[in-house]
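Here is how the chains run, residue by residue.
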Amino acid sequence: MWRVSGVWAGRWFAAWVLATSFMSTVEAAGHLVVEDAWIRTAPPAAAMRAGYATLRNAGDAPLVVRGATSEVFGGVSIHATVIENGMARMRELPQILLAAGESVSLEPGGKHLMLMRPVRELEAGAKLVIRFEIEDGSSAEAEFVVRDTAASADDHAHH
Ligand SMILES: [Cu+2]
């Protein structure tokens, strides 16, 4: 089980993971595995971006994701998109519970990471580390890549 601390260690680890063909998969204590992690491109002036990934509990006990942080953003929240009175709205989620073996997809139109106040430009192809905080005090780092994907109508037009 790998435990890494700091963005540079995370980057090194992510590179090592890529080199060994476990494509952008990171495991940490708590058995959280983060796969298919990406961020949608946005105009340079955008104050918010949406991040997506699949969170999987590869362990044999439940785990609770309490939140996430990144040195590249002033704040990271977990949001859910809900339909209220026919309108798509976003709610902040205090946590995500993953039963043993369970996966949760953060995807356009559903749960997502709300990435606020980027500290640098994030053009397509840029990579950055987001750290998921787990209730037991451990964390799992994952490398996210910025993908140039057109925004869909169900996404963040209301921001
Ligand atoms: Cu949101």
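Residues numbered from 1 in each chain as written. Predicted model: local features only at pLDDT ≥ 70, side-chain atom pairs only at ≥ 80, totals over all residues.

Student: If you had to explain the overall build of the chain to someone new, which residues and values would you point to?
Tutor: In terms of regular secondary structure, the chain is built from 1 helix and 11 strands. The secondary structure elements of the chain, listed N-terminal to C-terminal, are α-β-β-β-β-β-β-β-β-β-β-β. By the burial criterion, 32% of the 159 residues in the chain qualify as buried. A sequence separation of at least 24 residues applies to 69% of the contacts in the chain between residues at least 6 apart. (Helix = DSSP H or I, 4+ residues; strand = E, 2+ residues; numbered from the N terminus. Buried ≥ 20, exposed ≤ 12 C-beta atoms within 10 Å, placed from the backbone. Contact = placed C-beta atoms within 7 Å.)

Student: Break down the pairing of strand E6 (residues 87-92) for me, citing the residues and quoting the values.
Tutor: Here E6 lies mainly on the outside; 0 of its 6 residues are buried. In sequence, strand E5 (residues 73-84) turns back onto E6 through a hairpin of 2 residues, with Asn85 there showing a positive phi of about 50 degrees. (Pairing = 2+ DSSP bridges.)

Student: Could you give me a rundown of unusual backbone geometry, with the residues and numbers involved?
Tutor: Backbone geometry at Asp36 places phi at a positive 50 degrees, although glycine is not the residue there. Relative to the elements of secondary structure, Asp36 occurs in strand E2 (residues 32-40). Positive phi outside glycine occurs at Asn85, with the angle close to 50 degrees. Structurally, Asn85 is set in the loop between E5 and E6. Its 5 C-beta neighbours within 10 Å are what place Asn85 among the exposed residues.

Student: Tell me what's going on with the nonpolar core, and back it up with residues and numbers.
Tutor: Core analysis: the biggest nonpolar cluster contains 31 residues, and Leu32, Val34, Leu55, Leu113, Ile130, Phe132 and Ala142 have the highest contact counts within it. Contributions of two or more residues to this core are made by E2, strand E3 (48-57), strand E4 (63-69), E5, strand E7 (96-98), strand E9 (112-118), strand E10 (127-134) and strand E11 (139-147). If we skip the residues at most four places from it in the chain, Leu113 touches Ala50, Gly51, Ala68, Val76, Ile78, Leu106 and Ile130. (Core = buried A, V, L, I, M, F, W, Y, C linked by C-beta atoms within 7 Å.)

Student: Tell me what's going on with the confidence of the model for the chain, and back it up with residues and numbers.
Tutor: Detailed reading of predicted coordinates is not advised where the pLDDT is low. Looking at the chain as a whole, the pLDDT averages 83, with 75% of positions reaching at least 70. Scored below 50 in pLDDT, residues 1-8 shows 13 contacts in the model against residues more than four places distant or in partner chains. Below pLDDT 50 for its whole length, residues 16-24 participates in 9 contacts with residues either more than four positions away or in separate chains. (pLDDT = per-residue confidence, 0-100.)

Student: Can you explain the environment of Glu123? Please cite residues and give values.
Tutor: Take Glu123: it is sitting in the loop between E9 and E10. On the basis of neighbour count, Glu123 is assigned to the exposed category, with 10 C-beta atoms found within 10 Å. For the pair Glu123 and Asp148, spaced 25 residues apart in sequence, the C-alpha to C-alpha distance is 8.3 Å.

Student: Give a detailed account of the environment of Thr81, specifying residues and quantitative values.
Tutor: With respect to the secondary-structure elements, Thr81 resides in strand E5. Given 19 C-beta atoms within 10 Å, Thr81 falls into the partly exposed group. Put simply, Thr81 and Glu92 are 11 residues apart on the chain and 9.0 Å apart in space, counted from C-alpha to C-alpha.

Student: Describe the environment of Pro62, listing the residues and the values that go with them.
Tutor: In this structure, Pro62 sits in the loop between E3 and E4. Considering only alpha carbons, one finds Pro62 and His31, 31 residues apart in sequence, at a separation of 9.3 Å. In this structure, Pro62 is in contact with Leu97, Leu98, Ala99 and Ala100, ignoring residues within four places of it in sequence.

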